[in-house]
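Tertiary structure, described
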Amino acid sequence: MSDHHNTSLHEAFAYCEQFARRGDSDRAMAALFAPKGKRRDVFALLAFALELAKTRESVSEPMLGEIRLQWWRETVDEIYTEGPVRRHNVARALEDVVRRYNLPREAFDALIDARAFDLYDAPMANLAAIDAYADATSGAVAELSARILCDTLVTDEILSIACTAGSAYGLAGLLRALPFQVGRRQAFLPADLLAEQGVAVEAVFAGKMAPGVGRVVEAAAIAATNKYQEARALVRSAPPSIFPALAPAALAPAYLKEVRRRDNAFRIALGGREDLAKRLRFVWATARGRI
């Protein structure tokens, strides 16, 4: 391998870290607690997930988003067929990580497919659909991170723990982000419960706190709390090595508390804990083996 090749790979990983830190601060902060030799590999994974998550806000219409996601499908195909991989910092770093850890393709394909939902204005059908979306996105990121952190010692139990913790963090994050989502005509609230409460989807997109919206948000918050409690119980048997993948879930209670404090689920600007408070929470979670 030439020095030039080494340099370009080093630059690709450096780009991934900076990109993840700017766009996914919670997971990026948790990644800092990974062993130094694996930290950059986790950042590469986070950068890939962030590229997908930013698709809707990066395009002006759904078709352009579909094209962007297809570009990443083709990139993943290039990685797994061991052909030449297109020149892109995230693709280059991901290629290296996937091949060194033998990461399963199915998780990447499912992650891309799940993000296609983001491109359209339709609400989620029900709470089960939201849960499945969280599993395929945030849960998959945690599961893949756990594979990197455990490497050859990974087990199905470890992967299940990681996916549940990642999903719990994802569900809390979706509710916390409601003010941002409705601004782009998207809201991860269950259509069946909105209908039961007589709430029109257009009212949600308009950011109107119509009667019944609070009850729907509370039902979603209860589901997210239940997932967090499930993750908290499972994490007690997790090996310490995977805690950087689990630690973001430690923020779920605070995020759900923030959601419940709002008088209007749609119009109050996103709050958040300071970085120092988050760092302390991650240290506490890692030291005690708890979330």
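Residues numbered from 1 in each chain as written. Predicted model: local features only at pLDDT ≥ 70, side-chain atom pairs only at ≥ 80, totals over all residues. Heavy atoms only, no water.

**Digging into the packing of helix α5 (residues 62–80) against helix α6 (residues 89–101)**
Between α5 and α6, whose axes approach to 10 Å, the crossing angle comes to 40°. As summarised for this structure, α5 and α6 are arranged oblique, according to the angle between their axes. Between α5 and α6 lies a crossing whose hand is right-handed. Facing Trp72, Thr75, Glu78, Ile79 and Tyr80 of α5, the residues of α6 in contact are Val90, Ala91, Leu94, Glu95, Val98 and Arg99. Across the contact of α5 with α6, the residue classes break down as seven nonpolar, one polar and three charged. (Axes fitted to C-alpha atoms, helices over the stretch in contact; angles between N-to-C directions. Helix = DSSP H or I, 4+ residues; strand = E, 2+ residues; numbered from the N terminus. Parallel < 35°, antiparallel > 145°, perpendicular 65-115°, else oblique. Left-handed = near helix turned anticlockwise from the far one by under 90°. Contact = heavy atoms within 4.5 Å. Nonpolar A, V, L, I, M, F, W, Y, C, P; charged D, E, K, R; others polar.)

**A word on the nonpolar core**
Counting 97 residues, the largest nonpolar core has Phe48, Phe108, Leu175, Leu189, Leu246 and Ile291 as its most contacted members. Discounting residues that sit within four places of it in the chain, leucine 246 has contacts with Ile161, Ala162, Ala165, Val235, Ala238 and Ile291. (Core = buried A, V, L, I, M, F, W, Y, C linked by side-chain atoms within 4.5 Å. Buried < 20%, exposed > 50% of the residue type's maximum accessible area, 1.4 Å probe, protein only.)

**Considerations on the layout of surface pockets**
There is about 930 Å³ of room inside the largest pocket. In this structure, the largest pocket is lined by 34 residues; those nearest its centre are Gly23, Asp24, Arg27, Gly173 and Ala177. At the level of elements, α2 (25–31), α3 (36–53), α7 (105–115), α8 (127–150), α9 (156–176) and α10 (178–183) are the ones that each hand at least two residues to the lining of the largest pocket. (1 Å grid on protein atoms, 1.4 Å probe; cavity = no way out; pocket = protein on both sides within 12 Å on 5 of 7 lines; lining within 4 Å. Points joined across faces, edges and corners; volume = space filled by probe spheres on them.)

**As for empty space enclosed by the protein**
In this structure the tally under the stated criterion is one cavity of 30 Å³ or more. Each pocket or cavity is described by its volume, and for the largest cavity that value is around 110 Å³. Forming the walls of the largest cavity are 17 residues, and the residues nearest its centre are Arg27, Ala142, Pro244, Ala245 and Pro248. Examining the composition of the lining of the largest cavity, we find that four residues originate from one element, α8, more than from any other. Residues belonging to the lining of the largest cavity are distributed by class as follows: 13 nonpolar, three polar and one charged.

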